[in-house]
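Okay, here's what each chain looks like letter by letter:
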Amino acid sequence: MVEGRIIRINGPIIQADGLARAGLYDVVEAGNLGLVGEIIRMNGDVATIQIYEDNTGMKVGERVLSHGEPLSVLLGPGLIGRIYDGIQRPLDELFQRTGFGIAPGVKTQPLDMERKWFFKPFCKKGDKLERGKPLGIVQETDYLQHPIYLPPNRNEGTLAEVCPEGTYSLTEPVARMGDGTELFLCHSWPVRNPRPYRERLGMEEPLLTGQRVIDVFFPISKGGTAAIPGGFGTGKTMTQHAIAKWCDADIIVYIGCGERGNEMTDVLREFPEIHDPRTGRSIMERTILIANTSNMPVAAREVSIYTGVTLAEYYRDMGYNVAIMADSTSRWAEALRELSGRLEEMPAEEGFPAYLPTRLAEFYERGGRVTTLEGKKGSITIIGAVSPPGGDFSEPVTQHTKRFIRCFWALDRDLANARHYPAISWIDSYSEYGEELRGFWEKVNADWAATRTEAMELLKREQRLAQIVKLIGPDALPDTSRLVLLCADMIKNGFLQQSAFDPVDMYSVPEKQVIILRLIMDFYNRALRIIRAGAPLLKLRSLSVIERIVRMKSQIPNEKLELVQEVKSLLDRELGDLEKEYKV
Amino acid sequence: MRGLEFKGLQSVEGPIIILERRENVGYGELARIRDRSGVVKVGRILEVSDSAVAVQVFGPTTGLSTEETSVEFLGKSLELRVSVDMLGRIYDGLGRPIDGYPEPFSSEFRDINGIPINPSARAYPQDFIQTGVSSIDGMNTLIRGQKLPIFSGSGLPHNRLAAQIIRQARLKTEESFVMVFAAMGVKYDVARFFIQTFEESGVLSNVVMFLSLADAPSIERLITPRCALTAAEYLAYEKNMHVLVVLTDMTNYCEALREISSIRGEIPSRKGYPGYLYSDLASLYERAGKVKTSTGSITQIPILTMPNDDISHPIPDLTGYITEGQIVLERELFQKGIYPPVAGLPSLSRLMKDGIGPGMTREDHKDLASQLFAAYSRTKQVRNLAAIIGEEELSTLDKNYLTFGDRFEREFLSQSETENRSIEQTLDLGWKVLTHLPREELYRIKEDLIEKYLPKTPIGR
Ligand SMILES: Nc1ncnc2c1ncn2[C@@H]1O[C@H](COP(=O)(O)OP(=O)(O)O)[C@@H](O)[C@H]1O
Ligand SMILES: [Mg+2]
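Everything quoted here is computed from the prediction, not taken from an experiment.

### Some thoughts on the overall build of chain B
A tally of helices and strands in chain B yields 13 helices and 20 strands. Computed over C-alpha atoms, the radius of gyration of chain B comes to 25 Å, within 12% of the 23 Å expected from 2.2 N^0.38 for 461 residues, which places it in the range of a compact globule. Overall size of chain B, expressed as C-alpha extent along the three principal axes, is 85 × 45 × 40 Å. Looking at chain B as a whole, 63% of its 461 residues qualify as buried. Partitioning the contacts of chain B with sequence separation of at least 6, the portion at a separation of at least 24 is 72%. Here chain B has roughly 16,600 Å² of accessible surface; of this, 48% comes from carbon and sulfur atoms. Separation between the mean location of the 53 positive side-chain charges and that of the 61 negative ones in chain B comes to 2 Å.

Pasting the structure below:
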């Protein structure tokens, strides 16, 4: 332990001397309250430290203690369902202890150290415990198996002792290595160090989000990375909430980074009530929340991203598919900027430090699909919201993020203003995973790729026509072009738009997604032939099947896809009549 | 130390003084500065080092000399004396009574910076507040515990709208509000206008006012909203009251912040505003809400004027990123003579989703509002087209949209300053203006609701 003395305080950045024997990135207890801080620069015996709690009242001369350890999180059973701040202090417990405000200097344990877990060993005395070999297993929740491994920062060796099957708390050792090291059900891991895995894998499996515009047009793979940029109120948070609720990941780590407190409260209130359609369990049983809201200390906002990613890696290492929602990475970048400013570093663009792109790259690189040390397949999908000032995507955070992600779900102000949700622009967005995922989707529906391309082309043509319509009005267009406008509207209203509040519409299974889009395209193709055969557009526009198709999304539940037959027959009847009339 | 005064400064630059550090002063704590004529001002410690202390002075620093100024360190943060007797009182921007009466009798003090509310201690706001204004109740519903700013422009009637909300805001349960009003850098007549509003509606004794008018030192504005929110938090979270806070004008607040930042030589981000403007604003706006330990609530209506009517200016932009929606006033509507000129599309209430619907407002509310937004957005496109090809050239459907848009603005959005519409009236009006569209266009509304609520009159009646 090293003890130093504070010599300067400038907001959350302080300096202390007498710390020549402390190391860079050591975690410290600073001041009389023992506030948590981290050494971010060393110069002679003077350490520059960022403080993760409100340090009002801190005085020059107060002491700083370093235990010579990096900032770490505690990993073990009991993380699921909890809400933590940026440095893994359990907010639910803080509330019980100190009331509604977050007071600085309160010491807590991230995990319940008293709770007993049922541990079933897989190894016995004399076995060699290698990296990635499960020592045993704990049932963390009713459906979540939690294998216990040798912590990756401990040496492999022979087991001198393994405790029998039974219940243990996190403070009781469950095994002992030959060199005397005791193993527990939990261990700590430095947040800034990525956890090891065996090798990286391709990403051929989609992360199904239940959101049609994403899954069909701009799909993401398990292990992929995506950014959701958008001005305020365009739907970044709603999109992330929807994905967290409905995607087919095993674990969700939701990082509220510099955003609203009420949005975290919303998750805490809503998630326990929602049931995962695949497991039937409450989705809170697969969710961990990290909340460092906008009014909480800014330095802890910077670290919250790493805390979240480390928890995600821990579950990935067990072979789970984890999805991280980071809302918003711009606030994290701003925290970097604020701290960098206080350190008087030379700024690059718009005051952001020059290392912003490096940090962004490091963060997104912690995503991916891997073979774990045990040999299982696990993944971390990272979905980051970006909040560009003035909604202008040319700013540094959006631009740099674009270099490190492969899905770009651009939110459009005009769509949001028209309450077209999700306001994901089909013009500006892209996904680079389309090809990798083709195999999966063709198993769902052989027509997937064709339908998707046809529909996208239709939308692109509509966009070009819309330019002309703006100048001369739709009536000047030929009927075939006006049919494009009509069908593009059907795609927008009946497929792209998806209400997060409609109990049927909020989540679509892949089959339903393709069925709706296919039906619209079938309508278009047949209608086009009818118009070419001489029918006026009006005849088509007045068909009742149009409204039926557009309302399918909220009228046909995922479990009752057979109802589509009715709409199909109506389509056949109505178009069939016209086909007869015009001899198509 | 308390009671001990240190004489002499190293430097004075604008509102910041630097002095030699001769004792243990705490970062962020309070200092009391006495100038050569004995006038006392308060200040806050910005930075401390081994040898020096930087203090931000909340008052004019004109005439401060380096030799004849003395400073006392109070060893605590700036605090406000709190009591329910604050209601009916008027304070200056630093929380000192200016209505001629002594401070309320109380020994309770609260740090004006508050403490960040723990997200797991929050109760999610979902009680509908009826403001009697259709554009708000129908389209951008205000919820108890929400922070919903008014984005305005100079010359637009934001104060009149705020006053109307203050007069008419009711809960379904008929519980009423107490009010906290903070004026930052506004002119005396604006403050006067609000005082009159409070008087006329007979609520003056239920209002706490903090006035830092245009002639007060600009730096005082950094304190004013914090005093106001401290009063609000005391009343709401400790005394279980429902508090409505009006903060005007946040633009002046942000400018004071920029001033300080530039004097300190900080690296600016956009338009010279400091990089921490977002976090600083959040430390105010996030003090709205409800907590599980109390039955009270804080609803915030910050008012700000957008410089040059530009919504992407850092002040409205960062505010919009923090608040739970925004009521945007639009000059074009105002020039058409429509009051309140609430812009149809950019306005938003994010908490609306959980506070409306059956049992709260009415079952048709969500679908109706969504349809009105969609139809009005289409109207705007049609208007652009009509401006180019002429109205006569439009299709019948597009003409329907023009009529709809016109009725929507003149009948639904527009109302008089004294007209207090019930939510049912508002929703019925919404249906009425929708009759100008063919029924097939109402694709955002469920069929059974159309059946039940759409007036059975032909189009255009
Ligand atoms: N998929 C959706 N369905 C319905 N409403 C939505 C959807 N996405 C966004 N909204 C609406 O837009 C508002 C703002 O969305 P939000 O996600 O909070 O925006 P952001 O995080 O980009 O500021 C929400 O309060 C909601 O009313
Ligand atoms: Mg958001």
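### Describing unusual backbone geometry
Residues and elements named next belong to chain A. Note that the residue after Asp-327, namely Ser-328, is joined by a cis bond; omega there is 10 degrees. Tracing the backbone shows Ser-328 in the loop between strand E22 (321-327) and helix H6 (329-342). We note that Glu-344 has phi near 60 degrees; this positive angle belongs to a residue other than glycine. Structurally, Glu-344 can be placed in the loop between H6 and helix H7 (356-365).

### A few points about the site of ligand 1
In the vicinity of ligand 1 lie 14 residues, with A:Gly233, A:Lys236, A:Thr237, A:Met238 and B:Arg350 positioned nearest. Taking A:Tyr421, its side chain carries an N or O atom lying 3.2 Å from an oxygen atom of ligand 1. Measuring from an oxygen atom of ligand 1, one finds a side-chain N or O atom of B:Arg350 at 2.7 Å. Contact with the protein chains hides 92% of the accessible area of ligand 1, taken as 560 Å² for the molecule alone. For the shell around ligand 1, the class distribution of residues is five nonpolar, seven polar and two charged.

### Observations concerning the nonpolar core
All names here are of chain A. In this structure, Phe-217, Trp-409, Ile-491, Phe-523 and Ile-549 are the most contacted members of the largest nonpolar core, which totals 96 residues. Looking at this core, the element that brings in the most residues is helix H13 (residues 510-532), giving twelve residues. In contact with Ile-549, other than residues within four places in its own chain, are Met-490, Leu-519, Ile-520, Phe-523, Val-567 and Leu-571. Grouped together as the second largest cluster of nonpolar side chains are 76 residues, Leu-159, Val-191, Ile-251 and Ile-382 included.

### Details of the pattern of salt bridges
Enumeration over the complete set of coordinates arrives at 89 salt bridges over all chains. For A:Arg359, the salt bridge goes to A:Glu302, with nearest N and O atoms at 3.7 Å. Separated by 57 residues along the polypeptide, A:Arg359 in helix H7 and A:Glu302 in helix H5 (residues 298-316) bring together distant segments of the chain. The exposure classification of A:Arg359 matches that of A:Glu302, with both residues buried. Taking the shortest distance from any N to any O, the salt bridge between B:Lys446 and B:Asp367 comes out at 3.1 Å. In this pair, B:Lys446 is assigned in the loop between helix H12 (423-434) and helix H13 (447-453) and B:Asp367 in helix H10 (residues 365-389), connecting sequence segments 79 residues apart. The exposure class assigned to B:Lys446 is partly exposed, which follows from its relative accessible area of 39%. Look at B:Asp367 and you get buried, because its relative accessible area is 12%. The network of salt bridges with common partners includes A:Glu204, A:Glu205, A:Lys222, A:Asp248 and A:Arg369.

### As for the sheet that holds strand E10 (residues 128-129) of chain A
One open sheet accounts for four strands, arranged E10-E13-E15-E16 (chain A); its pairing is antiparallel. A single partner strand is all that each edge strand has here, and the edge strands are E10 and strand E16 (182-183) of chain A.

### Section: a nonpolar patch on the surface
The grouping of A:Ile468, A:Leu471, A:Ile472 and B:Ile388 at the surface amounts to a nonpolar patch, some 360 Å² of accessible area in total. Ranked by the residues each element gives to the nonpolar patch, the list is headed by helix H11 (residues 448-472) of chain A, at three residues. By secondary structure assignment, the location of A:Leu471 is in helix H11.

### A look at the interface of chain A and chain B
Counting residues at the interface gives 75 residues for chain A, matched by 78 residues for chain B. The largest contributions to the chain A side of the interface with chain B come from A:Phe100, A:Phe232 and A:Arg419, which together make up 14% of the buried area. Seen at the junction of chain A and chain B, the total is five salt bridges. Across the pair A:Arg551 and B:Glu447 runs a salt bridge whose closest N-O atoms are separated by 3.6 Å. On inspection of chain A and its partner chain B, the count reaches 33 residue pairs in polar contact (both at pLDDT 80 or more). Only strand E1 (2-10), helix H1 (91-98), helix H3 (236-246), helix H4 (261-270), H5, H6, H11 and helix H15 (544-555) of chain A provide two or more residues apiece to the side of chain A that touches chain B. Residues that form the side of chain A that touches chain B fall into these classes: 27 nonpolar, 26 polar and 22 charged. Where E1(A) and strand E5 (residues 40-49) of chain B come together, two bridges link them in antiparallel fashion. Within the sheet, the bridge partner assigned to A:Ile9 lies in E5(B) and is B:Val48.

Conventions used here
Counting restarts for each chain, with residues numbered from 1 along the sequence as it is written. Chains carry letters and ligands carry numbers; both start at the beginning, A for chains and 1 for ligands, and go up in the order they are written. In keeping with the predicted nature of the model, local features appear solely for residues at pLDDT of at least 70, side-chain atom pairs appear and are counted solely at 80 or more, and the whole-chain, interface and lining totals rest on all residues. Neither water nor hydrogens contribute to the side-chain values; these are computed over all heavy atoms in the structure. Under the scheme used here, helices are H or I runs from DSSP no shorter than 4 residues and strands are E runs no shorter than 2 residues, and both carry numbers assigned from the N terminus. Computation of the radius of gyration draws on C-alpha atoms alone. For the globule rule, the value is 2.2 Å times the number of residues to the power 0.38. When a residue's accessible area, from a 1.4 Å probe over protein chains only, is under 20% of the maximum for its type it is buried; when over 50% it is exposed; and in between it is partly exposed. Residue contacts are counted whenever heavy atoms from the two residues lie within 4.5 Å of one another. Methods summary: accessible areas were calculated by the Shrake-Rupley approach with a probe of 1.4 Å, and residue burial reflects only the protein chains presented. Asp and Glu are treated as the negative residues and Lys and Arg as the positive ones, with His and the ends of the chain left uncounted. To locate a charge, the coordinates of NZ of Lys, CZ of Arg, CG of Asp or CD of Glu are taken. Definition of nearness: a residue and a molecule or strand are near each other if at least one heavy atom of the residue lies within 4 Å of the molecule or strand. Under this definition, polar contacts are N or O atom pairs within 3.5 Å; protein pairs additionally need one hydrogen-donor-capable and one acceptor-capable atom, and for neighbouring residues in sequence, both atoms have to be side-chain atoms. Put simply, Ala, Val, Leu, Ile, Met, Phe, Trp, Tyr, Cys and Pro go in the nonpolar bin, Asp, Glu, Lys and Arg in the charged bin, and everything else, Gly too, in the polar bin. What is meant by a nonpolar core is a set of buried Ala, Val, Leu, Ile, Met, Phe, Trp, Tyr and Cys residues, joined one to another through side-chain atoms within 4.5 Å. One speaks of a salt bridge when a side-chain nitrogen belonging to Lys or Arg is within 4 Å of a carboxyl oxygen belonging to Asp or Glu. Two strands make a pair as long as DSSP finds a minimum of two bridges between them. The patch calculation keeps residues exceeding 30% relative accessible area without a salt bridge and links them within 9 Å when they carry like charges or within 5 Å when they are nonpolar (Val, Leu, Ile, Met, Phe, Trp, Tyr). By definition, the buried area sums, over both parts, the 1.4 Å-probe accessible area that each loses when the two are put together.

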